[in-house]
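# Architecture at a glance
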Amino acid sequence: MGQMTRLQTPDGDSDAYLASAQPAPGPPVLLLHAWWGVNQTIRDLADRLAGDGFTVMAPDLFDGKVFTTVEDAEAYTSAIEQGGGGSGGLNPDRIMGRVQATLDHLLAHPDVRGDRAGIVALSFGGWYGSQVAAGRSDVAAFVSIYSDVYEGPGGAAYLGHFADHDQFVESPKAAGMQKPLGEGSAAHVYPGTKHWFMEPDRPEFDEEAAGLAYSRTVEFLRANLR
């Protein structure tokens, strides 16, 4: 079981959920949450990845706020995109700073083995993760879980998981991915699924597709974080 930890970031202290590989240090994975915040689903995913040998940090990008309805989450993230408003002064630049700072803390953590990280980003977290990865050579692998990231940012290997019937994000085919993915990269569309199909607390959850996507993610991270 992981725990919340306090981090210093450019705009002051913030929290992150830390789940360390046991018993030995593991490759670092930065986990970026969907627009629900650091809810139990994200904590469980971090713990599961830690159980498979990774040391995981999931920054709290919403200052402790957790949402359960689409309406509330959409209103909050829209306020962020507009530069603060009802989101407590959060904006894309501040969130980006938190993601960068969390990655720095993760790579320096004593429970980490290796100097290159993977990023696993769900939905809302995808854009922030891709922007950070694009500018950093210490990100070796990027996993997009129903986000609108369709290729590896920077020099990172890429793995994409997409819902077949997604009301928010186009599938790779619909998005018109023109150039082939690089060696070791892949994109998968899961038949019959909807956005949030990997999250057990959502009605869109698809156990079979979620299990396959998770196993592919672990295999991909192990191949690229050595």
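Right, let's walk through the structure included here. It should be emphasised that the depicted structure is a prediction, and the values quoted were computed from it without experimental measurement.

### Let's talk about the overall build of the protein chain
- Per the secondary structure count, the protein chain includes five helices and eight strands.
- Seen through its C-alpha atoms, the protein chain measures out along the principal axes to roughly 40 × 40 × 30 Å.
- When the 226 residues of the protein chain are sorted by exposure, 53% land in the buried category.
- The contacts of the protein chain with a sequence gap of at least 6 include a subset with a gap of at least 24, amounting to 64%.
- On the protein chain, roughly 10,100 Å² of surface is accessible, and the fraction owed to carbon and sulfur atoms is 47%.
- The distance from the centre of the 16 positive side-chain charges to the centre of the 30 negative ones in the protein chain is 4 Å.

### Remarks on helix α3 (residues 92-108)
- With 17 residues, α3 extends 25 Å between its outermost C-alpha atoms, agreeing within 8% with the 24 Å of an ideal straight helix rising 1.5 Å per residue.
- Taken together, the buried positions of α3 are occupied by Ile95, Met96, Gly97, Arg98, Val99, Ala101, Thr102, Leu103 and Leu106.
- For α3, the N-terminal capping position is held by Asn91, with its side-chain oxygen 3.0 Å away from the main-chain nitrogen of Asp93.

### Some points on the packing of α3 against helix α4 (residues 125-134)
- Between α3 and α4, whose axes approach to 10 Å, the crossing angle comes to 60 degrees. One way to sum up the angle between α3 and α4 is to call them oblique. For the crossing formed where α3 meets α4, the hand is right-handed. Counting all contacts with α3, which are made through Pro92, Ile95, Met96, Val99, Gln100 and Leu103, the residues of α4 involved are Trp127, Tyr128, Gln131 and Val132.

### Some remarks on the packing of helix α1 (residues 40-51) against helix α5 (residues 207-224)
- As a packed pair, α1 and α5 sit with axes 11 Å apart at the nearest point and diverge in direction by 50 degrees. The angle between α1 and α5 places the two elements in the oblique class. Between α1 and α5 the crossing geometry is right-handed. Only Tyr214, Val218 and Leu221 of α5 make contact with α1, whose side of the interface consists of Leu45, Arg48 and Leu49.

### Remarks on the packing of aromatic side chains
- In the structure shown here, the tally under the stated rule is 14 aromatic pairs.
- With a centroid separation of 5.7 Å and 75 degrees between ring planes, the pair formed by Trp35 and Phe168 is classed as edge-to-face. Linking Trp35 in the loop between β3 (28-32) and α1 with Phe168 in the loop between β7 (157-163) and β8 (186-190), this pair joins segments that are 133 residues apart in sequence.
- Under the relative-accessibility criterion, Trp35 is labelled buried at 11%.
- Of the residues examined, Phe168 reaches a relative accessible area of 41% and is grouped as partly exposed.

### Re α4
- Burial within α4 is extensive, with seven of its ten residues counted as buried.
- Contacts from the buried residues of α4 go to β3, α2 (70-81), α3, β5 (117-122) and β6 (139-145).

### A word on the pairing of strand β2 (residues 12-19)
- Here seven bridges tie strand β1 (residues 3-9) to β2, and the two strands are oriented antiparallel to one another. Paired with Thr9 across the strands is Gly12, a residue of β2.
- In this sheet, strand β4 (residues 55-59) lies alongside β2 in antiparallel orientation, the contact comprising four bridges. Looking at the pairing, Ala16 lines up with Pro59 of β4.

Conventions used here
Residues numbered from 1 in each chain as written. Predicted model: local features only at pLDDT ≥ 70, side-chain atom pairs only at ≥ 80, totals over all residues. Heavy atoms only, no water. Helix = DSSP H or I, 4+ residues; strand = E, 2+ residues; numbered from the N terminus. Buried < 20%, exposed > 50% of the residue type's maximum accessible area, 1.4 Å probe, protein only. Contact = heavy atoms within 4.5 Å. Areas by Shrake-Rupley, 256 points an atom, 1.4 Å probe, with all protein chains shown as cover. Lys, Arg positive; Asp, Glu negative; His and termini not counted. Charge placed at Lys NZ, Arg CZ, Asp CG, Glu CD. Expected span 1.5 Å × (residues − 1). Polar contact = N/O pair within 3.5 Å; in protein donor to acceptor, adjacent residues only side chain to side chain. Axes fitted to C-alpha atoms, helices over the stretch in contact; angles between N-to-C directions. Parallel < 35°, antiparallel > 145°, perpendicular 65-115°, else oblique. Left-handed = near helix turned anticlockwise from the far one by under 90°. Phe/Tyr/Trp six-rings, centres within 6.5 Å; stacked < 30°, edge-to-face > 60°. Pairing = 2+ DSSP bridges.

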